[in-house]
Amino acid sequence: MTTAELTLERPDATTGEQVLTNAHIVTETETFTGTVRLKDGIIADLDRGRSQIPAARDCQGRYLIPGLVELHTDNLEKHFSPRPGVIWPSEPAVITHDAHIVSSGITTVFDALSVGDVATESTRVQHLQTLLDALAHTHHNNLLRAQHLLHLRCEVSHPDTLHLFRELVDHPMLQLVSVMDHTPGQRQFVNEDKYHEYYKGKYGMSTEEMAAFTRDRKESARLHSERNRQAVVSICQERHIPLASHDDATLDHVRESAGFGMRIAEFPTTMEAAHASHDHGLAVLMGAPNIVRGGSHSGNIAAAELARQGGLDILSSDYYPASMLDAAFRVAAMKDADYTLPRAIATVTATPARCANLDDRGSIEPGKRADLVLVAIRDQLPVIDTVWSRGQRVY
């Protein structure tokens, strides 16, 4: 099985009819107690009030929301390489990752795989094709419960990025590309002390090794970043692949991203860049762990503060899948932010779906995919009861 033979739809969407009633339904604009009818993997209709059909499932007043749409997670890489120097068998890693995703309420996941890396000799680069083949094989054999799409994260400072990207750009799963530059002294790592702290810990380098690593990264960026950035963007524009910026920090960064036609601003590192991105029509994506933990682990802006100022558009789990649902409900509960529950839930459903050209999901309305999550509130925490993917119960 080659990746070129991959098809994107599960072959086993549930046929027949299901009725879910007495649910607190969260649409894009309102919340009401009502009934949803599913037929052949699609939302057939929804009504206010309770159904009298004997076979209808009583949802007992729990929240019924769309399946979550995750645009940026490296969770698959973590299951493939759970510890430094440990490589797990690729197909079991994909299946375990998928189970983790579905149990977090995510029914559409963009597996964010790195093209290039901050290190020239990178296991991410070495194992990229292995993970792509494992995704294709597990999908083809109907072993996955969520729909998996591909987000290629292009590290433009790496010398092999453009060559690798050209080989992968026609992959049938590819639906999103982000342009990253983790060079020390700018964007995410304006503070080089934070850069040294992060990568010394990640790679176990001495102070002298870290200084040499930093010099090498800056030289690699000087040689490759601008050329690779321009080329990757041009290729995506030609193929109408949605683009995302990454770690924009200045107005110049934002103007460049807007000029490239990017739709999403991933993890802007300053309030200035976040608000400018929002004003330029880019959907601002922040990490859900930032909300749950109360701040950024890199010392950058707090997503909750951005929400208070009305500039938060999308939440991504980044490195912790269960954070998405938790963060959306936390945003809705903020007293000093203008996010109703429908608006907060849209940050993990309708808005990411729309930005990625997935117009068939992300909201509860007739004609959309029956990707749904039933959520109970227990001890003030959202707890997942049931997850459906195209009408099939998957959790």
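These figures come from a predicted structure and were not determined experimentally.

Cut-offs applied
- Numbers given for residues are sequential positions, taken from 1 along each chain in its written order.
- For this predicted model, a pLDDT threshold of at least 70 governs which residues receive local features, and a threshold of 80 or more governs which side-chain atom pairs are given and counted, while totals over whole chains, interfaces and linings are taken from all residues.
- Only hydrogens and water are set aside; all other atoms, that is, all heavy atoms of the structure, feed into the side-chain values.
- Any two strands with at least two DSSP-identified bridges between them are counted as paired.
- In this description a helix means any DSSP run of H or I spanning at least four residues, a strand means any run of E spanning at least two, and both kinds are numbered starting from the N terminus.
- Axis geometry follows a simple rule: fit a line to the C-alpha atoms, using only the stretch in contact for helices, then measure angles between N-to-C directions, giving values from 0 to 180 degrees.
- Note on definitions: a residue-residue contact is assigned when non-hydrogen atoms from the two residues lie within 4.5 Å.
- Whether a residue is buried, partly exposed or exposed follows from its accessible area with a 1.4 Å probe, protein chains only, as a fraction of its type maximum: under 20%, in between, or over 50%, in that order.
- One less than the residue count of a helix, multiplied by 1.5 Å, gives the span that helix is expected to have.
- As used here, the arc is the angular range of directions from the helix axis to the C-beta atoms.
- Here the nonpolar core consists of buried residues drawn from Ala, Val, Leu, Ile, Met, Phe, Trp, Tyr and Cys, with membership extended through side-chain atoms lying within 4.5 Å.
- Whether two aromatic rings pair depends on their centres lying within 6.5 Å, for rings of Phe, Tyr and Trp, where Trp uses its six-membered ring; planes under 30 degrees apart make the pair stacked, over 60 edge-to-face, and the rest tilted.
- Criterion for a charge above a ring: Lys NZ or Arg CZ within 6 Å of the ring centre, and within 35 degrees of the ring normal.
- A carboxyl oxygen of Asp or Glu within 4 Å of a side-chain nitrogen of Lys or Arg is what we treat as a salt bridge.
- Confidence scores per residue from the predictor, reported as pLDDT, run from 0 to 100.

1. Let's talk about the sheet that holds strand S9 (residues 174-180)
- Here we have 8 strands laid out as an open sheet, ordered S6-S7-S8-S9-S10-S11-S12-S13, and parallel in their pairing. Of all strands in the sheet, those bounded by a partner on one side alone are strand S6 (68-73) and strand S13 (314-316). Averaged over all pairs of adjacent strands, the angle between strand axes in this sheet comes to 25 degrees, irrespective of strand direction.
- Pairing of S9 with strand S10 (residues 243-246) involves 2 bridges; the strand directions are parallel. Across the sheet, the residue bridging to Val177 is Leu243, located in S10.
- Here helix H11 (residues 323-333) sits on the sheet in contact with S6, strand S7 (106-115) and S13, set at roughly 145 degrees to S13.

2. Side note on the pairing of S7
- Counting buried residues in S7 gives 10 out of 10 residues, a clear majority hidden from the surface.
- By the bridge criterion, 4 bridges tie S6 to S7 in an arrangement that is parallel. Residue pairing across strands places Val69 opposite Thr108, the latter belonging to S7.
- When S7 meets strand S8 (residues 147-155), the two strands line up parallel, connected through 8 bridges. Paired with Phe110 across the strands is Leu149, a residue of S8.

3. Let's talk about the environment of Ser296
- Inspection of the secondary structure puts Ser296 in the loop between helix H9 (288-293) and helix H10 (303-308).
- Using a relative accessible area of 24% as the deciding quantity, one classes Ser296 as partly exposed.
- When the C-alpha atoms of Ser296 and Phe267 are compared, they prove to be 9.9 Å apart, with 29 residues separating the residues in sequence.
- With sequence-adjacent residues up to four places away left out, Ser296 is seen in contact with Asn290 and Ile301.

4. Thoughts on helix H2 (residues 90-103)
- With 14 residues, H2 should reach 20 Å at 1.5 Å per residue; the first-to-last C-alpha distance of 20 Å fits that figure.
- When we look at burial in H2, the residues that qualify are Ser90, Ala93, Val94, His97, Asp98, Ile101 and Val102. Taken end-on, H2 shows its buried residues confined to a sector of 160 degrees, consistent with a single buried face.

5. Thoughts on the pairing of strand S12 (residues 283-287)
- In terms of burial, S12 is a largely internal element, 5 of the 5 residues being buried.
- The alternating pattern of S12 places Ala283, Leu285 and Gly287 on one face and Val284 and Met286 on the opposite face, and all of these are buried.
- Sheet topology places S12 next to S13; 3 bridges connect them, and they run parallel. For Gly287, the partnering residue across the bridge sits in S13 and is Ser316.

6. A short note on the nonpolar core
- Grouped together as the largest cluster of nonpolar side chains are 38 residues, with contacts concentrated most on Ile65, Leu312, Leu315 and Val331.
- When residues no more than four places from it in sequence are discounted, the contact partners of Val331 are Ile291, Leu312, Leu315, Tyr339 and Ala344.

7. Considering unusual backbone geometry
- One non-glycine residue, Asn142, lies in positive phi territory at about 60 degrees.
- Note on placement: Asn142 falls in the loop between helix H3 (123-140) and S8.
- In this structure Asn142 comes out as partly exposed when scored by relative accessible area, which is 33%.
- The backbone phi angle of Asn357 is positive, close to 65 degrees, even though this residue is not glycine.
- For Asn357, the position within the fold is in the loop between helix H13 (350-355) and strand S14 (372-378).

8. Brief notes about the packing of aromatic side chains
- Following the criterion strictly, the structure yields 1 aromatic pair and no others.
- Positioned above the aromatic ring of Phe32, the side-chain terminus of Arg48 is 4.3 Å from the ring centre.
- The lysine or arginine in question, Arg343, covers the ring of Tyr339, its NZ or CZ lying 3.8 Å from the ring centre.

9. A look at the pattern of salt bridges
- Scanning the entire structure with this criterion turns up 21 salt bridges.
- Between Arg361 and Asp360 there is a salt bridge, with the nearest N and O atoms lying 2.9 Å from each other.
- Residue classification places Asp360 among the partly exposed positions, given a relative accessible area of 30%.
- With a shortest N-O distance of 3.0 Å, Arg369 and Asp371 are connected by a salt bridge. Here Arg369 and Asp371 have matching classes, each one buried.

10. A look at the confidence of the model for the chain
- Scored by pLDDT, the chain has a mean of 89; 86% of the residues are at 70 or more.
- This model gives residues 1-12 a pLDDT under 50, and the stretch forms 36 contacts once residues within four places in sequence are excluded.

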